[in-house]
Amino acid sequence: MSDEFEDDFSGEIKRFMFVNRKAPHGTIYALESLEVVLISAAFDQDVSLAFLDDGVFQLRKGQNANVLEMKNFAPTYRALEGYDIEKLYVERESLEARGMTADDLVVPVEVVDRARMAELMADQDVVMSF
Amino acid sequence: MQFGILINEGPYQHQASDSAYLFTKAALEQGHEVPRIFFYMDGVNNATRLQEPQQDDRNIVRRWSQLAETHGIDLVVCVAAALRRGIKDEVLAPGFRISGLGQLVEIGIQADRLVTFGD
């Protein structure tokens, strides 16, 4: 799939941001967002992830999805580094509103305020929001 | 300008699919191009020909098929999201095809703008 694509568009690199706004297990948005993120890594694009609103819960430590009989995908965020996806931005206001800090998260992230988040989004070529 | 369209919600339940249709139609009428529409998450439910809406309502699935035929739009349904929801080749309406998420990333790179319609 990607081989054919790379022949056609070789060299073009766009800035992709995946915006995660929903809690991890109440709906499927977080899981299916992560699936696009992993695919995008195969295309050698400049990929970043943003977490805001209830999306910050996706990175919360100590999740136990098994009691919900849901797929436990939180460990996948720790594997993103292996896909060269290292830019994870978390909105400070969203963390604070939920009584959380960066220490509560399963991966190292860059905490940014809402104004900086807006700048980061404005810098992107493609923003997908889930 | 060339637009890629991403639809993440199913028909009737949510307005996203209607809004995407109206946006696409308006863009085409103004001379823009829409080479591909990608259906993801519950958006894959836009692709099944088994739907039978009431007679006095819009037929969302047929509307997509007709738009695709008239304007040569590539209607792509995500395979992983589709299999999860029971959408397979044998139920696809005309103009739809099932393929991978790479098709979404590809149109993101190729198009001038990718517009998401979701919740």
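Residues numbered from 1 in each chain as written. Chains lettered and ligands numbered in written order. Predicted model: local features only at pLDDT ≥ 70, side-chain atom pairs only at ≥ 80, totals over all residues. Heavy atoms only, no water.

**Student:** Is there a simple way to think about the overall build of chain B in this case?
**Tutor:** What chain B contains, in helices and strands, is four helices and five strands. Helices and strands in chain B line up, N terminus first, as β-α-β-α-β-α-β-α-β. Computed over its C-alpha atoms, the radius of gyration of chain B comes to 13 Å, within 12% of the 14 Å expected for a compact globule of 119 residues. Of all 119 residues assigned to chain B, the portion counted as buried reaches 54%. Taking the contacts inside chain B whose residues are at least 6 apart along the sequence as the reference set, 77% of them involve residues at least 24 apart. Summed over all atoms, the accessible surface of chain B reaches about 5,500 Å², with 43% contributed by carbon and sulfur. Seen as two clouds, the 11 positive and the 15 negative side-chain charges of chain B have centres 3 Å apart. (Helix = DSSP H or I, 4+ residues; strand = E, 2+ residues; numbered from the N terminus. Rg over C-alpha atoms; globule rule 2.2 N^0.38 Å. Buried < 20%, exposed > 50% of the residue type's maximum accessible area, 1.4 Å probe, protein only. Contact = heavy atoms within 4.5 Å. Areas by Shrake-Rupley, 256 points an atom, 1.4 Å probe, with all protein chains shown as cover. Lys, Arg positive; Asp, Glu negative; His and termini not counted. Charge placed at Lys NZ, Arg CZ, Asp CG, Glu CD.)

**Student:** In this structure, what is going on with the layout of surface pockets? I would like to understand it.
**Tutor:** A probe matching the size of a water molecule, rolled over the atoms, marks out where space remains unfilled. Residues and elements named next belong to chain A. Space inside the largest pocket adds up to approximately 170 Å³. Around the largest pocket, the lining residues are Tyr77, Arg78, Leu80, Glu81, Ile85, Glu86, Leu88, Val107, Pro108, Val109 and Glu110. When its residues are assigned to classes, the lining of the largest pocket shows seven nonpolar, no polar and four charged. (1 Å grid on protein atoms, 1.4 Å probe; cavity = no way out; pocket = protein on both sides within 12 Å on 5 of 7 lines; lining within 4 Å. Points joined across faces, edges and corners; volume = space filled by probe spheres on them. Nonpolar A, V, L, I, M, F, W, Y, C, P; charged D, E, K, R; others polar.)

**Student:** I keep staring at the sheet that holds strand E3 (residues 87-91) of chain A and nothing clicks. Help me out?
**Tutor:** Strand pairing in a sheet takes place through backbone hydrogen bonds and is either antiparallel or parallel in direction. All names here are of chain A. Spatially, the five strands line up as an open sheet ordered E4-E3-E2-E1-E5, and their pairing is parallel. What marks the edges here is a single partner per strand, and that holds for strand E4 (110-112) and strand E5 (126-129). Across the sheet, the axes of successive neighbouring strands diverge by a mean angle of 25°, strand direction being ignored. Both strand E1 (residues 15-20) and strand E2 (residues 46-51) contribute to a ladder of six bridges, which runs parallel. Within E2, the position partnered with Val19 by the bridge is Ala50. Across the face of the sheet, helix H2 (residues 29-41) comes into contact with E1, E2 and E5 while running at roughly 165° to E1. The strands that helix H5 (residues 114-122) touches are E1, E2, E3, E4 and E5; relative to E3, the one it contacts most, it runs at about 140°. (Pairing = 2+ DSSP bridges. Axes fitted to C-alpha atoms, helices over the stretch in contact; angles between N-to-C directions.)

**Student:** What is the right way to look at the interface of chain B and chain A in this model?
**Tutor:** The figure often quoted for interface size is the accessible area lost as the parts come together. The interface of chain B with chain A comprises 22 residues on the first partner and 24 residues on the second. Roughly 1,900 Å² of surface becomes buried between chain B and chain A when both sides are summed, with 64% attributable to carbon and sulfur atoms. Summed over the three residues of chain B that lose the most area to chain A, namely B:Met41, B:Val105 and B:Ile109, the buried surface amounts to 31% of that side. Taken together, chain B and chain A are joined by four salt bridges. Note that B:Asp119 and A:Lys22 form a salt bridge whose closest N and O atoms lie 3.5 Å from each other. Those elements that place two or more of their residues in the side of chain B that touches chain A are helix H3 (79-84), helix H4 (102-110) and strand E5 (113-117) of chain B. Counting residues per element, the side of chain B that touches chain A draws most heavily on H4(B), at seven residues. Classifying every residue of the side of chain B that touches chain A by side-chain character gives eleven nonpolar, six polar and five charged. (Buried area = accessible area lost by both parts, 1.4 Å probe. Salt bridge = Lys/Arg side-chain N within 4 Å of Asp/Glu carboxyl O.)

**Student:** Just to check I follow, could you spell out the packing of aromatic side chains for this structure?
**Tutor:** Here the distance between the centres and the angle between the planes together describe a pair of aromatic rings. In total, this model carries ten aromatic pairs over all chains according to the counting rule given. Above the plane of the ring of A:Tyr29 lies A:Lys22, whose end atom (NZ or CZ) is 3.9 Å from the centre. Note that B:Arg63 overlies the ring of B:Tyr21, its terminal NZ or CZ placed 4.1 Å from the centroid. (Phe/Tyr/Trp six-rings, centres within 6.5 Å; stacked < 30°, edge-to-face > 60°. Lys NZ or Arg CZ within 6 Å of the ring centre and 35° of its normal.)

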